Amino acid sequence: MNAAGATFGGRLDRLPEWAALAEHRERLGDVGLRELFDADPGRGERYRVQVGDLYLDYGKHLVTDETLTLLRALAEATGVGALRDAMFRGEKINTTEDRAVLHTALRAPRDAVVETDGRNVVPAVHAVLDRMGAFAGQVRSGAWTGHTGRRIRTVVNIGIGGSDLGPAMAYEVLRPYTARELDFRFVSNVDGADLHEALRDLDPAETLFIVASKTFTTIETITNARAARDWLLRGLDAGAEAVARHFVAVSTNADEVAAFGIDPANMFEFWDWVGGRYSYDSAIGLSLMTAVGPERFREMLDGFHLVDEHFRTAPPEENAPLLMGLLGVWYGAFFDAQAHAVLPYSHYLARFTAYLQQLDMESNGKSVDREGRPVTWQTGPVVWGTPGTNGQHAYFQLLHQGTKLVPADLIGFAEPVAELGPLRDQHDLLMANLFAQGQALAFGKTAEEVRAEGIAEEQVPHRTFPGNRPTTTILATALTPSVLGQLIALYEHKVFTQGAVWNIDSFDQWGVELGKVLAKRIEPALTEGADVPGLDASTSSLVARYRALRGR
Ligand code: F6P
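Reading guide: rules and limits
- Residues numbered from 1 in each chain as written.
- Predicted model: local features only at pLDDT ≥ 70, side-chain atom pairs only at ≥ 80, totals over all residues.
- Heavy atoms only, no water.
- UniProt positions renumbered as here; feature names shortened; annotations may be inferred.
- Pairing = 2+ DSSP bridges.
- Helix = DSSP H or I, 4+ residues; strand = E, 2+ residues; numbered from the N terminus.
- Axes fitted to C-alpha atoms, helices over the stretch in contact; angles between N-to-C directions.
- Contact = heavy atoms within 4.5 Å.
- Buried < 20%, exposed > 50% of the residue type's maximum accessible area, 1.4 Å probe, protein only.
- Core = buried A, V, L, I, M, F, W, Y, C linked by side-chain atoms within 4.5 Å.
- Near = heavy atom within 4 Å.
- Polar contact = N/O pair within 3.5 Å; in protein donor to acceptor, adjacent residues only side chain to side chain.
- Areas by Shrake-Rupley, 256 points an atom, 1.4 Å probe, with all protein chains shown as cover.
- Nonpolar A, V, L, I, M, F, W, Y, C, P; charged D, E, K, R; others polar.

- The name an unreviewed UniProt entry assigns to the protein is Glucose-6-phosphate isomerase, from the organism Streptomyces chumphonensis.
- In its Subcellular location (unreviewed entry) section, UniProt records this for the protein: "Cytoplasm".
- One UniProt comment on the protein, placed under Sequence similarities (unreviewed entry), says "Belongs to the GPI family."

## Some remarks on the sheet that holds strand E9 (residues 267–269)
Step number 1: The strand order across the open sheet formed by 5 strands is E6-E5-E7-E8-E9, and the pairing between neighbours is parallel. Because the sheet does not close on itself, it has two edges, and the strands there are strand E6 (183–187) and E9. Along the sheet, successive strands turn relative to each other by an average axial angle of 20 degrees, direction set aside.
Step number 2: As paired elements, strand E5 (residues 154–158) and strand E7 (residues 207–212) share 5 bridges and run parallel to each other. The residue bridging Thr-154 from the neighbouring strand is Thr-207, located in E7.
Step number 3: Along the sheet, helix H6 (residues 122–141) makes contact with E5, E7, strand E8 (247–251) and E9, crossing E9 at roughly 145 degrees.
Step number 4: Set on the sheet, helix H9 (residues 219–236) makes contact with E5, E6, E7 and E8; between it and E7 the angle comes to about 160 degrees.

## Quick notes on the pairing of strand E12 (residues 408–413)
Step number 1: For E12, the tally of buried residues reaches 6 of 6 residues, placing the bulk of the element in the interior.
Step number 2: Where burial is concerned, the two faces of E12 agree: the one with Ala-408, Leu-410 and Gly-412 and the one with Asp-409, Ile-411 and Phe-413 are both buried.
Step number 3: Bridge analysis of E12 against strand E13 (residues 471–476) gives 6 bridges, and the strand direction is parallel. Paired with Asp-409 across the bridge in E13 is Thr-472.

## Some thoughts on the nonpolar core
Soluble globular proteins tend to pack their nonpolar side chains together in the buried interior.
Step number 1: Formed by 126 residues in total, the largest nonpolar core has its most connected members in Trp-273, Tyr-280 and Phe-352.
Step number 2: Ranked by the residues each element gives to this core, the list is headed by helix H20 (residues 481–502), at 12 residues.
Step number 3: Here Tyr-280 is in contact with Gly-166, Pro-167, Met-169, Ala-170, Gly-285, Leu-288, Phe-297, Met-300, Phe-304, Tyr-355, Leu-484 and Ile-488, once residues within four sequence places are set aside.
Step number 4: With 26 residues, the next largest nonpolar core counts Leu-195, Leu-202, Phe-216 and Phe-260 among its residues.

## Considerations on the site of the ligand
Step number 1: In the vicinity of the ligand there are 14 residues, among which Ser-163, Ser-213, Lys-214, Thr-215 and Thr-218 approach most closely.
Step number 2: Contact distances for the ligand include 2.7 Å between an oxygen atom and a backbone N or O atom of Gly-162.
Step number 3: Within the side chain of Thr-218, a nitrogen or oxygen atom sits 2.5 Å from an oxygen atom of the ligand.
Step number 4: Protein burial of the ligand: of its 400 Å² of free accessible surface, 87% is covered by the chains.
Step number 5: Looking at the shell around the ligand residue by residue, the classes come out as 2 nonpolar, 9 polar and 3 charged.

## Regarding the side chain of Asp-360
Step number 1: With respect to the helices and strands, the residue Asp-360 is situated in helix H15 (residues 352–364).
Step number 2: Leave out the neighbours within four places in its chain, and Asp-360 touches Gly-365, Pro-381, Val-383, Lys-494 and Val-495.

## Overview of the environment of Pro-109
Step number 1: Within the secondary structure, Pro-109 is located in the loop between helix H5 (80–88) and strand E3 (115–116).
Step number 2: The partly exposed category is assigned to Pro-109, whose relative accessible area is 35%.
Step number 3: Here the alpha-carbon distance between Pro-109 and His-305, two residues 196 residues apart in the chain, equals 8.2 Å.
Step number 4: Among residues more than four places away in sequence, those in contact with Pro-109 are Val-122, His-126 and His-305.

## Thoughts on the environment of Arg-547
Step number 1: Its place among the elements puts Arg-547 in helix H22 (residues 537–549).
Step number 2: Sequence separation of Arg-547 and Leu-526 is 21 residues, and the distance between their C-alpha atoms is 6.3 Å.
Step number 3: What Arg-547 contacts, discounting residues up to four positions off in sequence, is Ala-525, Leu-526, Thr-527, Glu-528, Gly-529 and Arg-552.

Okay, structure coming up:
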């Protein structure tokens, strides 16, 4: 079966399964979660699924058994399973770029066989992991020294998008597992302030740069990498020969790496069948592996693999990513939900939602289907969120009483990390907040309940909570490397499921190209006052004002 054949290729909104869902939605009307729970006392026990260490409670969703059956029928009709199998088989399901989508091979065990273009990619994956392990071990032990013979104290990852967000997020998540004597910094923005703040207190003799870029042509990364190289050579008062001990590269593009002046022996490769936003368990994770060590990194990969296998083999009724994806389809299509909040009750997950923004929004922020026709259904939501309890004191007001329906994921852990010591005592309070928010969002507070508290009548509408705000609660024992891998894979396959149902290519990102091209064109107008053909009147007056403000 070719890639296109793996999808249903049709119009989603003309499927009978879609019509059946629309009709079902009509019939549900404004039935609320209180009624659903009253009518079905077994719901709390039944609406849950376990995948690896992750326990998912989805009882607080505006669904019934019939909804779930109809959603699964939609998944079947849209060929989610067939496309999934085509992905795992290495078929070129990224049709607009004619590429296979094989991030799952990055975490396949050493003896697995995953072929694309007639070649088993697994040996190469493990060869790079082994090289990364050896390098990370040298930096961690101090055996890798800089140009002047001093050991490395700080590792600076320079990359952007998928070459930054993954390692930067995972480094925060796994901080308790990191070599605390080493410092890790992540520079992404072409705003010179990013690099400046990262480098201002560093000693070049003890600093190692990892330049991470799939293409090695991304202007932000190359600009920052050049500036970092100048900083290093200036600081060491050395020539280009010093670069080899202070710069390594992660890329698919050996020619550009060599052109930059990095020894190909110091390059860790990956492949075009790894999408940028799916790449942090490839060599893009080199900074992370250096921080946590190869063993912990492999535990994380095993966590990914566990959920890959679950997604590939679990029956639809117990398939957690499939279920999460279908719930999102339900709210987008039939409740006009535009957004999805991911709210981790863990400080260590501070950058988790930012990571998911690229994963989800770059994958499913599309408005034509795989055949290039405009879609007439909602695709990817706006994904946002920050750790609880902070968000409760900022934007939760809108979640509880605003006019928008924002389905949310609440993520929490039973065990706080050991090194918190006496601060572990605060963990129950943190988790009490998570459970309280799930309950308040789902069941709200009726006007009668408010009145019963003796509140003055004119105050009652203000203090009433409508409820029926759906949440999935994801609970695990502890935030380990494996659990992190499981969580990310869960979301990857959720995003996959939604893209398959919506019949869009989740693996290209043409929408980021236009801005890149225009920026290149506009830059000479800012620096030299060059004429930019085709500049609109608004932008050209902004350019003129900018130049005037800069005294040009
Ligand atoms: O701008 C989009 C994008 O292509 C992302 O998909 C990617 O993660 C990022 O840029 C960085 O690209 P690269 O790794 O090639 O520098």
